[in-house]
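Read off the chains here:
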Amino acid sequence: MAALATVNDPEIRRPITELGMVKNVDISPDGVVRVGVLLTVAGCPLKDTITRDVTGAVSRIDGVSRVHVDMDVMSPEQRKELQTKLRGDRGPEKEIPFAKPGSLTRVFAVASGKGGVGKSSVTVNLAAAMASQGLKVGVVDADIYGHSVPRMLGVSERPTKVEDMIMPPVAHDIKVISVGMFKPEGNTPVVWRGPMLDRALYQFLTDVYWGDLDVLLMDLPPGTGDIAISVAQRMPTAEILVVTTPQQAAAEVAERAGSIAAQTHQQIAGVIENMAWLPCPHCDERISVFGEGGGQTVADALTRTLGARVPLLGQVPIDMRLREGGDEGKPLVLTDPDAPAAAELRRIAADLGKKSTSLKGLKLDISPVKH
Ligand SMILES: Nc1ncnc2c1ncn2[C@@H]1O[C@H](COP(=O)(O)OP(=O)(O)OP(=O)(O)O)[C@@H](O)[C@H]1O
Ligand SMILES: [Mg+2]
């Protein structure tokens, strides 16, 4: 059992012994071990991983000559038990774990005014960098119509369900959920009005089993539409990360997107200037494709509007490899961490990840009693 306790369920990422997934262990005198493993659902796509990990863990024990792994499926009662173990018996009322007082997960909503400035690219690269720095990271693709995160992280599998919990697929050590994973095959569009967008977001936050996360990144659609408002209402503690290009026209729109924080009482973690310049392929010169200064302009303007310092967190240059990495599902910060764009994104990730939530100033879920 101690050896099996070293094996994690690849989706839930907790030891299989804790999850009630070990059905039986039979050891014969000649050292042949049979382990019965209970999967959460039949046809669990991670069967092979579990078989390999169990075989590896058990064969390392002295005296074991061979390991057989037999797969079986949990009964509805066992699944129910697992759900209660993971989430507690919370009754019919759903709640968003990250919005609860005392939640230690930092939530960043990546926003912009204009489309196509690199929100999704920044989101996946920050997530990958933070995960590689040892943080437990989740990403919500909150861009319901224009979802692009699964491709950028190379996730093609569908989430599995345990009772009414959705297990988010894991890529590059990041838990990911997107409406793109729930659509029928093919590139069909999502045709929903505002209230449905809010429902989808709410489900991503309540029905998905995220476990204990250090950081949750939400990739928003551009602008100040329905989803941005939903995020503000559902997750008032989410800090906004504003992405803009250096272009002054883009900066004005980004400032507008950021200043909704003044109305929604959210905090702004800072501004990231993306596509800041193109390094000349022949010399050291920086080509200002989209002009200059947009990031600083937005940071300064938001500082004035909100009356609190909004920092320019960094400037990410244009790099063709960053785009290619997005197309291939391999974030640049992992494939080429020393490329200037990757190094800047890793630095920003380290800065953001460092400021972990402390309990100071958090509302405690208690009320004083007079004696
Ligand atoms: N620093 C960069 N260098 C090179 N290409 C980049 C960079 N940042 C983003 N891109 C590319 O620009 C395009 C737009 O980026 P991305 O999809 O991340 O923007 P977005 O703000 O999420 O867009 P949308 O508003 O449509 O959601 C993509 O093709 C992406 O690969
Ligand atoms: Mg996007």
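S.K.: An account of the packing of helix H7 (residues 248-264) against helix H8 (residues 294-306) is requested, with residue identities and associated values reported.
M.R.: Viewed as axis vectors pointing N to C, H7 and H8 meet at an angle of 30°, and their least axial separation amounts to 9 Å. One way to sum up the angle between H7 and H8 is to call them roughly parallel. Relative to H8, H7 is oriented so that their crossing is right-handed. Residues Gln248, Ala251, Ala254, Glu255, Gly258, Ser259, Ala261 and Ala262 of H7 form the contact with H8, whose own contacting residues are Gly294, Thr297, Val298, Ala301, Leu302, Thr305 and Leu306. Here the residues of the contact of H7 with H8 are counted per class, giving eight nonpolar, six polar and one charged.

S.K.: For a nonpolar patch on the surface, give the residues involved together with the corresponding values.
M.R.: Side chains of Leu278, Ile287, Val289 and Phe290 sit close together on the surface and give an oily, nonpolar patch of about 280 Å² of accessible area. Mapped onto the secondary structure, Ile287 falls in strand E14 (residues 286-287). Note on Ile287: relative accessible area 35%, which makes it partly exposed.

S.K.: Break down the domain arrangement of the protein chain for me, with residues and values.
M.R.: By domain assignment, the protein chain separates into domain 1 (4-86) and domain 2 (97-354). Residue-level contacts link 14 residues of domain 1 with twelve residues of domain 2. A combined buried area of about 1200 Å² lies between domain 1 and domain 2, and 55% of that area is made up of carbon and sulfur atoms. The salt bridge partner of Arg13 is Asp173, with a shortest N-O separation of 3.4 Å. Our enumeration of links across domain 1 and domain 2 arrives at three residue pairs in polar contact (both at pLDDT 80 or more). A per-class count over the side of domain 1 that touches domain 2 returns seven nonpolar, two polar and five charged.

S.K.: Outline the environment of Phe290, supporting the account with residue identities and numerical values.
M.R.: Looking at where Phe290 falls in the secondary structure, it is placed in the loop between E14 and H8. Considering only alpha carbons, one finds Phe290 and Asp327, 37 residues apart in sequence, at a separation of 22 Å.

S.K.: Describe in detail helix H2 (residues 76-87), supporting the description with residues and values.
M.R.: A rise of 1.5 Å per residue sets the reference length of H2, with its twelve residues, at 16 Å; its end C-alpha atoms lie 16 Å apart and thus fit the reference within 8%. Inspection of H2 places Arg79, Leu82, Gln83 and Leu86 among the buried residues, and these make up the whole buried set. All buried residues of H2 fall inside an arc of 100° around its axis, so they share one side. The exposed set on the far side of H2, more than 90 degrees from its buried face, consists of Glu77 and Glu81.

The rules behind the values
- Residues numbered from 1 in each chain as written.
- Chains lettered and ligands numbered in written order.
- Predicted model: local features only at pLDDT ≥ 70, side-chain atom pairs only at ≥ 80, totals over all residues.
- Heavy atoms only, no water.
- Axes fitted to C-alpha atoms, helices over the stretch in contact; angles between N-to-C directions.
- Helix = DSSP H or I, 4+ residues; strand = E, 2+ residues; numbered from the N terminus.
- Parallel < 35°, antiparallel > 145°, perpendicular 65-115°, else oblique.
- Left-handed = near helix turned anticlockwise from the far one by under 90°.
- Contact = heavy atoms within 4.5 Å.
- Nonpolar A, V, L, I, M, F, W, Y, C, P; charged D, E, K, R; others polar.
- Patch = residues over 30% accessible without salt bridge, like charges linked within 9 Å, V, L, I, M, F, W, Y side chains within 5 Å.
- Areas by Shrake-Rupley, 256 points an atom, 1.4 Å probe, with all protein chains shown as cover.
- Salt bridge = Lys/Arg side-chain N within 4 Å of Asp/Glu carboxyl O.
- Buried < 20%, exposed > 50% of the residue type's maximum accessible area, 1.4 Å probe, protein only.
- Domains from an automatic or database assignment.
- Buried area = accessible area lost by both parts, 1.4 Å probe.
- Polar contact = N/O pair within 3.5 Å; in protein donor to acceptor, adjacent residues only side chain to side chain.
- Expected span 1.5 Å × (residues − 1).
- Arc of directions from axis to C-beta.

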